[in-house]
Amino acid sequence: MIRLDNVHKAFGSKRVLQGLTLDVARGESCVIIGGSGTGKSVCLKCVLGLVTPDSGSITVDGQDVQSGDRDAFLARFGMLFQGGALFDSLPVWQNVAFRLQRGPQKRPKAQAREIAIEKLRRVGLKPDVADLFPSELSGGMQKRVGLARAIAAEPEIIFFDEPTTGLDPIMSGVINDLIREIVTEMGATALTITHDMRSVRAIADKVAMLHEGVIRWHGPVAQIDTADDPYLRQFVNGDAEGPIAAVR
Amino acid sequence: MNPLLIPFATIGRSTLGMLRVIGQVTIYAGQAISHILRPPFYPRELLWQLLQIGWLSLPVVGLTALFTGGALALQIFAGGARFNAEAVVPQIVAIGIVRELGPVLGGLMVAGRVAAAIAAELGTMKVTEQIDALVTLSTNPLKYLTVPRILAATISLPILVAVGDAIGIFGGYLVSTTRLGFNEAAYLRNTVDFLELWDITSGLIKGAVFGFIVALMGCYHGMNSGRGAQGVGRATTNAVVSASIMILAANYLLTELFFNA
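Here the structure is a predicted model, which is why all the values come from computation and not from measurement. (Residues numbered from 1 in each chain as written. Chains lettered and ligands numbered in written order. Predicted model: local features only at pLDDT ≥ 70, side-chain atom pairs only at ≥ 80, totals over all residues.)

1. Overview of the domain arrangement of chain A
For an interface, size is often stated in terms of accessible area lost upon the parts coming together. Residue and element names in this part refer to chain A. One can read the domain layout of chain A as domain 1 (2–76 + 155–246) and domain 2 (90–149). Taking the mean C-alpha position of each, domain 1 and domain 2 sit 26 Å from one another. At the junction of the two partners, domain 1 supplies eight residues and domain 2 supplies eight residues. Per-element tally for the side of domain 1 that touches domain 2: the top contributor is helix 6 (residues 169–186), with three residues. In terms of residue class, the side of domain 1 that touches domain 2 is built from six nonpolar, one polar and one charged. (Domains from an automatic or database assignment. Contact = placed C-beta atoms within 7 Å. Helix = DSSP H or I, 4+ residues; strand = E, 2+ residues; numbered from the N terminus. Nonpolar A, V, L, I, M, F, W, Y, C, P; charged D, E, K, R; others polar.)

Next comes the structure, spelled out in C-alpha cells:
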C-alpha cells in the first residue's frame, strides 16, 4: 500500500535519508525504530508531503504522493504527533472534530460534536473533557485527544510519531494498547516511529530499523529478539557498546 | 580569499540575503492576496481576528492619540508664539494628527502589539507541529491562519486610525481649552472648517496599508520561525522591527504619492 523506493533527503550538508526503501502492506502495522536523528520523522513527513524528497519515489496504492488531489490524499490519513500538536485556541471537542467541521467531510455542528465525544470515549476520556482547552489537560490526556483526532474521520492510514514519548510507563502501556486495539478494530494501515521497545512489541506486526538513512533490518516483530543483525541487537538491548556509535 | 576582498564578500552576502528575504516576503504576500479571493473562507476566524487585532488594540491606540494630541497642542503653541501664530493650534493639531501622526503612531503601536503577538503565536504553532497538523487535516495554513489575520488588520487599522484621529484632536482640544486659554466653540469650529475630506481619507488609506504590513510581517516571521524558544523570540523581534521600518518607509512613499496627487 505504502511504498518508499530509494528515497534520499538532505538538509544542507546533512544527508538524512540515503536510499530508504520500505513497503507497508494494507492493514499492516509497521513500526520504524532507530536512534535520534536517523530520519524517522522525516520519513513520515515525506510520505505526507510535508517534506519533499530530493530523489526516489513514494507511492500510496501506486499513486505518487506529490501529485493528484492533495485534499483527497490527506483525507485518507490520520496522524498522532509526538507532542499532540493540539490547537491551543480550540476546545478539545473542536480539536477532535476539526476535519468534520470544514472541507468535504463537513458535518452539522451537533453531529461533529457527537462524533468527537464518541471518539473521546473510545480513547478513555469522559465527555466533560470535551469543553476543556488543551492547556488544561495532562500530557497523557493530550496524547489521547491527539489519538481521538487522528481517528475521528476514520482514516485508512494512521501515522504515530513517538506515541509514548514523555509519558509514564503506565500511561505508555495504556496508549500502546489503545493504538493496537484501534488499528485492529478499524482495519487501518499503521506506520509508527518510536524508540520505545515496549511500544514496538505492543503495536507492531512488522519492524523496520532505520540507521544512517537506510533500512538496516526489517522483519516480523516476533524475530526482533532472535535476529542476528548486530545493529538491531544493540538497539533492542540498549547496549552502549556496539556498531552504533553513541555520542557521549 | 584575499583579505582585502572579505569586506566586499560580506556586503555581497548581506545584500543577497536581503534580496532573498524581499523575494520571499513578496511571494508570501502574493500568495496571501490570491487566497483572499478563493474559497474556502473562514469567517469565524476573521471575526475572531477582528476582535483580537482591532477591538483589543483600541485602548493602546486611543491613549497614544490622546497624549500625542495634547503634546502637539503645547508644542505648536510654543513654536507658533515665536512668530505670533499661536492661533493656528487647532488647525495644525488637526492636520498633523489626521494626515500623519494618527496613522503612523497608530500603525507603530499596533505593530508592537499585533505583529509581535501574531509572530509569537504562529511561531509557537510551528515549533509545536500545529502547522503540520493543520496540513495533515487538509487545511491550508496560509488560508486558515494568514488570510484572516491580514484581512482583519487591513480592515481594523483604518477604523482604529479614525477613532485615534478623533481622540487625538480631542487631546489637543482638552489641553488648548484648559491650559492655553482657547475658546471651546472657536477651537472646534476652526478644526472642522479647516479639515478637508482628503486629509481624512489619505490617513485612512495609510492605515489600511500599515495594517496589511503589520499582519504580513507577523505572519511571515511566525511561519518561518526557527526552532525552540530562541527561534520564536527572534521571529517576534524581527516581526516588530521589520513592520516598524516598513511602516515608516511606506509612510514616506504614500506621503510623496499623495503630495504629488
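2. Here we look at the interface of chain B and chain A
Between chain B and chain A, the contact holds eleven residues from the first and 15 residues from the second. Looking at the side of chain B that touches chain A residue by residue, the class counts come to four nonpolar, five polar and two charged.

3. Some remarks on the sheet that holds strand 6 (residues 77–80) of chain A
All names here are of chain A. Pairing within the open sheet is mixed, and its six strands lie in the order 6-7-8-3-9-10. Two strands close off the open sheet at either side, each with one partner strand: strand 6 and strand 10 (214–220). With strand direction ignored, the average angle separating the axes of adjacent strands in the sheet is 15 degrees. Pairing of strand 6 with strand 7 (residues 157–161) involves four bridges; the strand directions are parallel. When the sheet's bridge partners are listed, G78 is paired in strand 7 with I158. Strands strand 6 and strand 7 of the sheet are contacted by helix 5 (residues 139–151), whose axis makes an angle of about 175 degrees with strand 6. (Pairing = 2+ DSSP bridges. Axes fitted to C-alpha atoms, helices over the stretch in contact; angles between N-to-C directions.)

4. Description of unusual backbone geometry
Here P39 of chain B and P40 of chain B are connected by a cis peptide whose omega angle stands at 0 degrees. Counting through the fold element by element, P40 of chain B comes out in the loop between helix 1 (6–36) and helix 2 (43–54). Phi angles above zero are rare outside glycine, and E154 of chain A is one such case at about 50 degrees. Here E154 of chain A falls in the exposed class, since 12 other C-beta atoms lie within 10 Å of it. Positive phi is not limited to glycine here, since N84 of chain B has a value of about 50 degrees. (Buried ≥ 20, exposed ≤ 12 C-beta atoms within 10 Å, placed from the backbone.)

5. Section: the packing of helix 6 (residues 141–178) of chain B against helix 8 (residues 197–223) of chain B
All names here are of chain B. It is the contact of helix 6 with helix 8, at a shortest axis distance of 7 Å, that shows an interaxial angle of 145 degrees. Crossing angle aside, the handedness with which helix 6 passes helix 8 is right-handed. Looking at the contact of helix 6 with helix 8 residue by residue, the classes come out as 16 nonpolar, seven polar and two charged. (Left-handed = near helix turned anticlockwise from the far one by under 90°.)

6. Section: the nonpolar core
In this structure, A115, I213, V214 and A243 of chain B are the most contacted members of the largest nonpolar core, which totals 135 residues. With 18 residues, helix 4 (residues 89–127) of chain B is the largest single contributor of residues to this core. Two domains share this core, each providing at least three of its residues, namely domain 1 (2–76 + 155–246) and domain 2 (90–149) of chain A. (Core = buried A, V, L, I, M, F, W, Y, C linked by C-beta atoms within 7 Å.)

7. Concerning the pairing of strand 8 (residues 189–194) of chain A
Residue and element names in this part refer to chain A. Within strand 8, six of the six residues are buried, which leaves the element mostly enclosed by the surrounding structure. Burial along strand 8 is two-sided: T189, L191 and I193 and A190, T192 and T194, pointing in opposite directions, are all buried. As defined by bridge partners, strand 3 (residues 29–33) adjoins strand 8 across five bridges and the pair is classed as parallel. Along strand 8, the bridge assignment pairs I33 with T194. In this sheet, strand 8 lies alongside strand 7 in parallel orientation, the contact comprising five bridges. Directly across from F160, in strand 8, lies its bridge partner T192.

8. Here we look at the packing of helix 1 of chain B against helix 6 of chain B
Each pair of packed helices gets described by two things: the angle between the helix axes and the distance between those axes. All names here are of chain B. The contact between helix 1 and helix 6 brings their axes to 9 Å, and the two run at 90 degrees. The orientation of helix 1 with respect to helix 6, classified from their angle, is roughly perpendicular. For the pair helix 1 and helix 6, contact is made by Q31, A32, H35 and I36 and by L142, K143, T146, V147, I150 and L151, respectively. Grouping the amino acids of the contact of helix 1 with helix 6 by side-chain chemistry returns six nonpolar, three polar and one charged. (Parallel < 35°, antiparallel > 145°, perpendicular 65-115°, else oblique.)

9. Thoughts on the environment of G54 of chain B
All names here are of chain B. Tracing the sequence through the fold places G54 in helix 2. As a C-alpha pair, G54 and V110 span 56 residues in sequence and 9.0 Å in three-dimensional space. Look past the residues within four positions of G54 in its chain and what remains in contact with it is A152, S156, I159 and L160.

10. Digging into helix 9 (residues 228–260) of chain B
Taking 1.5 Å of rise per residue, 33 residues should cover 48 Å, and helix 9 of chain B covers 48 Å from first to last C-alpha, within 8% of that figure. Buried within helix 9 of chain B are the following residues: V232, A235, T236, N238, A239, V240, S242, A243, M246 and I247 of chain B. (Expected span 1.5 Å × (residues − 1).)

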